[in-house]
Amino acid sequence: MNIKTFRARTLRDALAMVRAEFGPQAAVLHSREVNAGPIARFLRGRAVEVAATPDRSPLAEQAARSGLAPNFGLRMADRGLKAKEALPPQQSTIRNPQSAITHDPQLQVCSDLLAADVQPELARSLVREAASRLSGGANGVEHFRSVVQGVVRESLAVTGPIRLGGGRRVVALVGATGVGKTTTLAKLAANYRLRDGARVGLVTVDTYRTAAVEQLRTYAEIIDLPMEVVSTPEEMRRAVTKLAALDLVLIDTAGRSPRDGDRIEELRTLLDAASPDETHLVTTVTGTARGMRDALERFAPVRPTSLLLTKLDEAPSLGHAAAPVLDSGLPVSYLTDGQSVPEDIRLADAKSLAARLLGEEVA
Ligand SMILES: Nc1nc2c(ncn2[C@@H]2O[C@H](COP(=O)(O)OP(=O)(O)OP(=O)(O)O)[C@@H](O)[C@H]2O)c(=O)[nH]1
Ligand SMILES: [Mg+2]
């Protein structure tokens, strides 16, 4: 399916662009207001984004005619696109997100993906791939949705739990400031110590903000774990050697701004001295797709082996995270969904994560 996004100051202008490019048969799959906040609107002006396709299926058209999808699947030729007629007055206020209601499985699922903030390129390739697997067509929207989910599941790797038993395991958490590294590390430490009875030690390289060291020390004391504070590669080597008899050594690091190249280099040198078996890039899903891609790119020098997604409880939808997660090529390790230690952490499960990345609510 060919889908393109058009951006203009008003919905009317965006629809005119759709029509100019795709002709009168175009179907609008999704629209949303961008710069919705007052500040963004003040700085950049109001803007509307419309995703449309020139591919019209008879079913979508039928749905549009039946009034099921008065805005989406709109056959623009019928309305002549004379602004006011093309859009009933109540549609001048666009809710965000919106999804079409059509009877065409491909259009419906695509529209739902866009409404869930899945990036248009990804939505398009998922729908295309799913359609190519169904030579006889989909048996309804839910069937098509499950095939799309299957496509995502296949390209979504998960790590499984940190496995102990083959000698001491060294696991480092890295990531931007405030994403939840220390809290997550405490959750992992508490679970491995209290639930599995593993011998766990902590190392922190959080040297230039004593408050952060104290945060980890408090957890170390509550859970009753040895903790080392290091500031140089040499100290890191010594600390890891000192904790050699343990089952699991968890390394907390100071948040680095993804833009701070020097500090990432410093972090790389420190971590190299510990030779971690696993390096989890901790990323919050409360930000934007661009922020996630940025973090992935900037932290590449520390060679993360997995992605650990935090603050799922604060994100209304994970659709925006689908493209960066899948494009990263990294398996996902854990998901966190709250501030409580040790409860709010779960092992990533490919099936439910795939569903959530496509914007579905999973209990
Ligand atoms: N809602 C929610 N909050 C979380 C989650 N994980 C961590 N937090 C909160 O996010 C804030 C920052 O957490 P930290 O663990 O200190 O983050 P950090 O990455 O160690 O931060 P720096 O060391 O400053 O880089 C704290 O208020 C945590 O309670 C989560 O899964 N959900
Ligand atoms: Mg921290």
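The following refers to the structure shown. These numbers were taken from a predicted model, which means no experiment stands behind them. (Residues numbered from 1 in each chain as written. Chains lettered and ligands numbered in written order. Predicted model: local features only at pLDDT ≥ 70, side-chain atom pairs only at ≥ 80, totals over all residues. Heavy atoms only, no water.)

Some words on helix α8 (residues 141-155)
So the rule is basically this: Counting from the N terminus, the helices are DSSP H or I runs at least four residues long and the strands are E runs at least two residues long. A helix is expected to reach a length of 1.5 Å times the quantity of its residues less one. Relative accessible area decides the class of each residue, using a 1.4 Å probe on protein chains only: under 20% of the type maximum gives buried, over 50% gives exposed, and in between gives partly exposed. Throughout, a residue-residue contact means that at least one pair of heavy atoms, one from each residue, lies within 4.5 Å.
Across its 15 residues, α8 extends 22 Å between first and last C-alpha, which sits within 8% of the 21 Å expected from 1.5 Å per residue. Taken together, the buried positions of α8 are occupied by Val 141, Phe 144, Arg 145, Val 147, Val 148, Gln 149, Gly 150, Val 151 and Val 152. In this fold, the buried residues of α8 make contact with α6 (105-115), α7 (120-133), α14 (319-328) and α15 (350-357).

Some remarks on the packing of α8 against α15
Under the convention used in this document: To get an axis, fit a line to the C-alpha atoms, keeping to the stretch in contact for a helix; angles then go from 0 to 180 degrees between the N-to-C directions. Put simply, angles under 35 degrees are roughly parallel, angles over 145 are roughly antiparallel, angles from 65 to 115 are roughly perpendicular, and the rest are oblique. By convention, the crossing between two helices is left-handed when the near helix turns anticlockwise from the far helix through less than a right angle, and right-handed when the turn is clockwise. Residue type decides the class: Asp, Glu, Lys and Arg count as charged, Ala, Val, Leu, Ile, Met, Phe, Trp, Tyr, Cys and Pro as nonpolar, and the leftover types, Gly among them, as polar.
Two elements in contact, α8 and α15, have axes separated by 9 Å at closest approach and are oriented at 120 degrees. In terms of orientation, α8 lies oblique with respect to α15. At the point where α8 passes α15, the crossing takes the right-handed sense. On α15, the residues touching Gln 149, Val 152 and Arg 153 of α8 are Ala 350, Lys 351, Ala 354 and Ala 355. The residue inventory of the contact of α8 with α15, partitioned by class, reads four nonpolar, one polar and two charged.

Regarding empty space enclosed by the protein
Which entries qualify depends on this criterion: The definitions used throughout rest on a 1 Å grid laid over the protein atoms alone, on which a cavity is an enclosed set of points accommodating a 1.4 Å probe that cannot get out and a pocket is an open set flanked by protein within 12 Å on both sides along at least five of seven lines; lining residues are those having an atom within 4 Å of a point. Grid points are joined across faces, edges and corners, and a volume is the space filled by probe spheres set on the points.
Scanning the entire structure with this criterion turns up one cavity of 30 Å³ or more. In this structure, the largest cavity occupies an estimated 60 Å³ of space. Looking at the lining of the largest cavity residue by residue, the class counts come to three nonpolar, two polar and three charged.

Focus: the environment of Thr 305
In this fold, Thr 305 is placed in the loop between α13 (289-298) and β9 (306-310). Each C-alpha atom of the pair Thr 305 and His 280 lies 6.0 Å from the other, and the pair is 25 residues apart in sequence. Setting aside residues no more than four positions away along its own chain, Thr 305 makes contact with Glu 278, Thr 279, Leu 330 and Pro 331.

A few points about the site of ligand 1
Defined as follows: Near is defined per residue: the residue qualifies when any heavy atom it owns lies within 4 Å of the molecule or strand. Counting of polar contacts relies on pairs of N or O atoms within 3.5 Å, with two restrictions inside protein: one atom must be capable of donating a hydrogen and the other of accepting it, and residues adjacent in sequence are counted only when both atoms are side-chain atoms. What sets the accessible areas is the Shrake-Rupley method with a 1.4 Å probe; for residues, cover comes only from the shown protein chains.
Within the structure, ligand 1 sits among 18 residues, and Lys 181, Thr 182, Thr 183, Asp 313 and Thr 336 are positioned closest to it. Contact distances for ligand 1 include 3.1 Å between an oxygen atom and a side-chain N or O atom of Gln 215. Between Lys 311 and ligand 1, the recorded distance is 3.0 Å, taken from a side-chain N or O atom to an oxygen atom. When the free accessible area of ligand 1 is taken as 650 Å², the share hidden by the protein chains comes to 83%.

Description of the packing of aromatic side chains
Put simply, the test is: Each Phe, Tyr or Trp ring (for Trp, its six-membered ring) is paired with any other whose centre lies within 6.5 Å, and the angle between the two planes then decides the class: stacked below 30 degrees, edge-to-face above 60, tilted in between. Two limits define a charge over a ring: the Lys NZ or Arg CZ must be within 6 Å of the ring centre, and within 35 degrees of the ring normal.
Evaluation of the coordinates by the stated rule reveals one aromatic pair. Ring centres of Phe 6 and Phe 22 lie 5.6 Å apart, and the angle between their planes is 90 degrees; on these two criteria the pair is classed as edge-to-face. On the criterion of sequence distance, the pair formed by Phe 6 in strand β1 (residues 4-8) and Phe 22 in helix α1 (residues 11-22) is long-range, its members being 16 residues apart. For Phe 6, a relative accessible area of 4% translates into the label buried. Taking the relative accessible area as the measure of exposure, Phe 22 reaches 15% and is therefore buried. Of note, Arg 195 hangs over the ring of Tyr 192, and the distance from its end group to the ring centre comes to 5.9 Å.

Brief notes about the nonpolar core
Rules: Nonpolar core, defined: a set of buried Ala, Val, Leu, Ile, Met, Phe, Trp, Tyr and Cys residues in which side-chain atoms within 4.5 Å join the residues together. Each domain's extent was defined by an automatic or database domain assignment.
Among the nonpolar cores identified, the biggest contains 66 residues, and Leu 113, Met 236, Ile 251, Leu 309, Val 325 and Val 332 are the most heavily contacted of them. Two domains each provide a minimum of three residues to this core, namely domain 1 (4-155) and domain 2 (169-357). Not counting residues up to four positions away in its chain, the partners in contact with Leu 309 are Thr 283, Val 285, Met 292, Val 325, Val 332, Tyr 334, Leu 335, Thr 336 and Leu 353.

Some thoughts on unusual backbone geometry
Negative phi characterises most residues that are not glycine, and trans characterises most peptide bonds. Across the junction of Val 341 and Pro 342, the peptide omega takes the value 5 degrees, indicating a cis bond. The backbone of Lys 311 sits at a positive phi, close to 65 degrees, despite the residue not being glycine. Following the sequence through the fold, Lys 311 ends up in the loop between β9 and α14. Taking relative accessible area as the criterion, Lys 311 reaches 27% and is therefore assigned partly exposed.

Notes on the pairing of strand β3 (residues 47-53)
Rules: At least two DSSP bridges between two strands are required for those strands to pair.
With seven of seven residues buried, β3 is to be regarded as a mostly interior element. Of the two faces of β3, the one carrying Ala 47, Glu 49, Ala 51 and Thr 53 and the one carrying Val 48, Val 50 and Ala 52 are both buried. Sheet topology places β1 next to β3; five bridges connect them, and they run antiparallel. Each bridged residue has a counterpart across the sheet, and for Arg 7 the counterpart in β3 is Glu 49.

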